[in-house]
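The primary structure of each chain is shown beneath.
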Amino acid sequence: MNRKLLISIHLYLAAFLAPAVLLVAISGGLYLVGVKGEVEQETIYSSTSITIDSKSASLHADVAALLAIAGVESYSYEYVKVKGANLYTRPTSSDHYIIKSAEGVVEVIHARPSLQSRMIELHKGHGPSAFKTFQKVFAVGLMFIILSGLWMGVSAARLRRSTLLTAAAGAVVFTWLACLAG
């Protein structure tokens, strides 16, 4: 592959993936400074006569039946995430339902995440399947952008020294911080 083609692919791929990079940077940065968003929760149904088995082979159908009993209509979800005694319909990057089962009481809770909370859920990979597929392509594309940028910097005589020094400094800082963390 010649240099001009590599630069073009690098440029167009970087431009195409820029919105996704911004989503990750903004949502992650806000999360780290304490802006985590909110999830408004409203209990819409409660029963002591219903049980739900989180290990059932028919969990998806059982949850759909419970949601119907709770009056939830025209709602579809991709799968159910089991976390302890709670069940979450996924994706959680949009309105979803939480089923809490404790001390013989089953509650159905309608959860409405704020914009920041939605962005964090996407950031964590809790979005729809199509978005998860995009995130996999995004990961490969981002690696290509970084590696092609390094390659272009190292392969250009006038940029080689500064590229190697900057990459080495980044590696030292990253390694130092990673060692502090673990």
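Just so you know, the residues in each chain are numbered from 1, in the order the chain's sequence is written. In keeping with the model being predicted, local features are shown solely for residues with a pLDDT of at least 70 and side-chain atom pairs are shown and tallied solely at 80 or more, while totals for entire chains, interfaces and linings include all residues. Here the side-chain values reflect all heavy atoms present in the structure, with hydrogen atoms and water set aside.

1. Thoughts on the layout of surface pockets
Short version of the rule: Two kinds of site are reported from a 1 Å grid over the protein atoms alone, namely cavities, where a 1.4 Å probe fits but cannot get out, and pockets, open sets with protein on both sides within 12 Å along at least five of seven lines, and residues are called lining when an atom falls within 4 Å of a point. Grid points are joined across faces, edges and corners, and a volume is the space filled by probe spheres set on the points. Secondary structure counts use DSSP, requiring at least four H or I residues in a row for a helix and at least two E residues in a row for a strand, with both numbered from the N terminus. Polarity classes work like this: nonpolar for Ala, Val, Leu, Ile, Met, Phe, Trp, Tyr, Cys and Pro, charged for Asp, Glu, Lys and Arg, and polar for all others, with Gly in that last group.
Here the largest pocket defines a volume of roughly 310 Å³. At the level of elements, β1 (39-47), β3 (86-90), β4 (96-102) and α3 (115-123) are the ones that each hand at least two residues to the lining of the largest pocket. Of all the elements, α3 adds the most residues to the lining of the largest pocket, at three residues. Here the residues of the lining of the largest pocket are counted per class, giving five nonpolar, six polar and six charged.

2. Remarks on the packing of helix α1 (residues 3-32) against helix α4 (residues 129-155)
Heads up, the rule is: Between N-to-C directions, angles span 0 to 180 degrees; the directions come from axes that are lines fitted to C-alpha atoms, helices contributing only their stretch in contact. Roughly parallel covers angles under 35 degrees, roughly antiparallel covers those over 145, roughly perpendicular covers 65 to 115, and oblique covers all other angles. Crossing handedness: left-handed means the near helix sits turned counterclockwise from the far one by under a right angle, and right-handed means the same turn made clockwise.
Interhelical geometry of α1 versus α4 gives an angle of 135° and a closest axis separation of 8 Å. Taken together, the axes of α1 and α4 lie oblique to each other. For the pair α1 and α4, the crossing hand works out as left-handed. Tallied by class, the residues present in the contact of α1 with α4 amount to 19 nonpolar, five polar and one charged.

3. A closer look at the nonpolar core
What counts, and what does not: Remark: nonpolar core denotes a set of buried residues (Ala, Val, Leu, Ile, Met, Phe, Trp, Tyr, Cys) joined through side-chain atoms within 4.5 Å. Here the term buried applies to any residue with accessible area under 20% of the maximum for its type, exposed to any over 50%, and partly exposed to those in between, with areas from a 1.4 Å probe on protein chains only. Should any heavy atoms of two residues lie within 4.5 Å, those residues are considered in contact.
Core analysis: the largest hydrophobic core is formed by 15 residues, its most contacted members being Ile-52, Val-63, Leu-66, Leu-67, Leu-87, Ile-99 and Val-108. Elements that contribute at least two residues to this core include exactly α2 (59-69), β4 and β5 (105-113). The element contributing the most residues to this core is α2, with four residues. Residues within four places of Val-63 in sequence aside, it is in contact with Ile-52, Tyr-77, Val-80, Leu-87, Thr-89 and Ile-99.

4. Regarding the sheet that holds β5
Hydrogen bonding along the main chain pairs the strands of a sheet, whether they run parallel or antiparallel. Going by this rule: Two strands make a pair as long as DSSP finds a minimum of two bridges between them.
Read from one edge of the open sheet, five strands run β1-β5-β4-β3-β2, paired in antiparallel fashion. Of all strands in the sheet, those with a lone pairing partner are β1 and β2 (79-83), marking the two edges. Between one strand and the next, the sheet's axes are offset by a mean angle of 25°, whatever the strand orientation. Note that β3 and β4 share three bridges and pair antiparallel. Within β4, the position partnered with Tyr-88 by the bridge is Ile-98.

5. Comments concerning the environment of Leu-6
Examined against the element boundaries, Leu-6 turns out to sit in helix α1. The class for Leu-6 is buried, based on a relative accessible area of 12%. Apart from residues no more than four positions distant in its own chain, Leu-6 is found in contact with Met-1, Phe-144, Ser-148, Trp-151 and Met-152.

6. A closer look at the packing of α4 against helix α5 (residues 157-181)
Where α4 contacts α5, the axes come no closer than 5 Å and their chain directions differ by 130°. In terms of axis orientation, α4 runs oblique to α5. Residues Leu-150, Gly-153, Val-154 and Ser-155 of α4 lie in contact with α5, whose contacting residues are Ala-157, Leu-159, Arg-160, Thr-163, Leu-164 and Ala-167. Within the contact of α4 with α5, the residues separate by chemical class into six nonpolar, three polar and one charged.

7. Comments concerning the pairing of β4
Following β3, the chain reverses through five residues before pairing antiparallel with β4. Strand direction decides the pairing type here: β4 and β5, joined by seven bridges, are antiparallel. If you follow Ala-102 over to β5, its bridge partner there is Val-105.

Keep in mind these numbers describe shape, not what the thing actually does.
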